[in-house]
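Notes for the structure review
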Amino acid sequence: MEITVLTENTVSRRGLLAEHGLSVLVEEGGKRILFDTGQSGVYIHNAEQLGISLEGLDAIVLSHGHYDHTGGLPEFPGEVSCPVYLSGKALEDKWCLAGDGKGNRCIGVPWREDARELERLPLIFTWEQEEIFPGIYLLGQISTTVPSEMGEKPFRILQNGRYLPDTMEDEQLLVIRTPQGLAVFAGCAHPGILSCVEKVKKTFPGEKLYSLLAGMHLRGCPQERVEETITGLKEAGFTYLIPLHCTGTLAIARMKMAFREELPHGGGGKAFFLCKHSQ
């Protein structure tokens, strides 16, 4: 398996662009899967700079219905000829509320109401579990099961003029079975990264967890939660851990101290392999 980070909040080399978002190219077993598209065409620019072609993709997977993971899809060069997998709830009208109510932001899929865009895209809506290729799965309908991850969140769905709590049921994980164990990918892990890991363990009982690439939404979280997350990830037994995007600088630094060589440095332009990582 080869994993290339095309879009992330940081970059690793000259000539690349960064943005608040995530896009990762995953190549395994003859399949090429684009996991998320960032919020703009940055992933395309970076792919060109890296000499990577986005032609011949077998699938595009959108982890959830937020702009920083889906907004770049309309920028895809040429016709999107492969299936685009997203949760059946990803196109809801999603918002992030400000404390004073004056800075409320729409953070949903930017093209959700564009009829022409919806018509041209080969969308396939997913729900709880789907095997999209042999040994390659999407897991959705993830419940928050870890107490420290159950706190109040600012995310809402706008329905009939009312803001209702968004439980982020549209979040889905990409899970790939490899000879070394399960490789897990999460866009933001809004239900909580430990709850996401529990979902994987419950779905694939007894199977080794090999690698985890994820935005973990720990930026600004109390230190106690970060430490509990690190403890839980250590107990899960991952060989490699690649925290990106919304995990947050301080949380990533603390994880690096805890996992050391098990946690290679990420960032836009980085390429990772199953048994080693590039510099």
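Because the structure is a prediction, the values reported are computed rather than measured.

So, on to the pattern of salt bridges. Under the definition given, this model contains 11 salt bridges. The closest approach of N and O atoms between R32 and E27, which form a salt bridge, is 3.1 Å. Judged by its relative accessible area of 25%, E27 is partly exposed. Two residues, D170 and K94, come together in a salt bridge whose shortest N-O distance is 3.0 Å. Remark: K94 occurs in strand β6 (residues 94-96) and D170 occurs in the loop between β12 (162-165) and β13 (173-178); sequence separation between them is 76 residues. Note on accessibility: D170 and K94 belong to one class, buried. Each member of the salt-bridge network shares a partner with another, and the members are D93, R112 and E113.

Within a sheet, each strand pairs with its neighbour through backbone hydrogen bonds, oriented either parallel or antiparallel. Reading across the sheet, the four strands line up as β7-β6-β11-β12 and stay open at both edges, with antiparallel pairing between neighbours. Looking at which strands have only one partner, the edges of the open sheet turn out to be β7 (105-106) and β12.

Turning to the packing of aromatic side chains, a few remarks are in order. In total, this model carries four aromatic pairs according to the counting rule given. Consider the rings of F35 and F185, whose centres lie 6.2 Å apart with planes at 55 degrees: the pair is tilted. Residue F35 is found in strand β3 (residues 31-35), and its partner F185 is found in strand β14 (residues 181-186); the two are separated by 150 residues along the sequence. Considered together, F35 and F185 belong to a single accessibility category, that of buried residues. Note on Y137 and F204: the rings are 5.0 Å apart at their centroids and 65 degrees apart in plane angle, and the pair reads as edge-to-face.

A few words on helix α1 (residues 42-49). For α1, the complete set of buried residues consists of V42, Y43, I44, N46 and A47. Looking at the buried side of α1, the elements it contacts are β1 (2-7), β2 (23-28) and β3. Within two residues after α1, G51 carries a phi angle of roughly 75 degrees, on the positive side.

Here we take up the sheet that holds β1. Strand order across the open sheet formed by seven strands is β8-β5-β4-β3-β2-β1-β17, with mixed pairing between neighbours. The sheet terminates laterally at β8 (123-126) and β17 (271-273), the two strands that pair on one side only. On average, adjacent strands in this sheet sit at an angle of 25 degrees to one another, irrespective of strand direction. Examined bridge by bridge, β1 and β17 share three bridges and lie antiparallel to one another. Of the residues in β17, the one forming a bridge with E2 is F273. Set on the sheet, α1 makes contact with β1, β2 and β3; between it and β1 the angle comes to about 125 degrees.

On to the pairing of β2. Here β2 lies mainly inside the structure; five of its six residues are buried. In terms of strand pairing, β1 meets β2 through five bridges, oriented antiparallel. Each residue of the ladder has a partner; that of T7, found in β2, is S23. Hairpin geometry of β2 and β3 is characterised by an intervening segment of two residues between the two adjacent antiparallel strands and by a positive phi of about 55 degrees at G29.

About the thresholds
Residues numbered from 1 in each chain as written. Predicted model: local features only at pLDDT ≥ 70, side-chain atom pairs only at ≥ 80, totals over all residues. Heavy atoms only, no water. Salt bridge = Lys/Arg side-chain N within 4 Å of Asp/Glu carboxyl O. Buried < 20%, exposed > 50% of the residue type's maximum accessible area, 1.4 Å probe, protein only. Helix = DSSP H or I, 4+ residues; strand = E, 2+ residues; numbered from the N terminus. Pairing = 2+ DSSP bridges. Phe/Tyr/Trp six-rings, centres within 6.5 Å; stacked < 30°, edge-to-face > 60°. Contact = heavy atoms within 4.5 Å. Axes fitted to C-alpha atoms, helices over the stretch in contact; angles between N-to-C directions.

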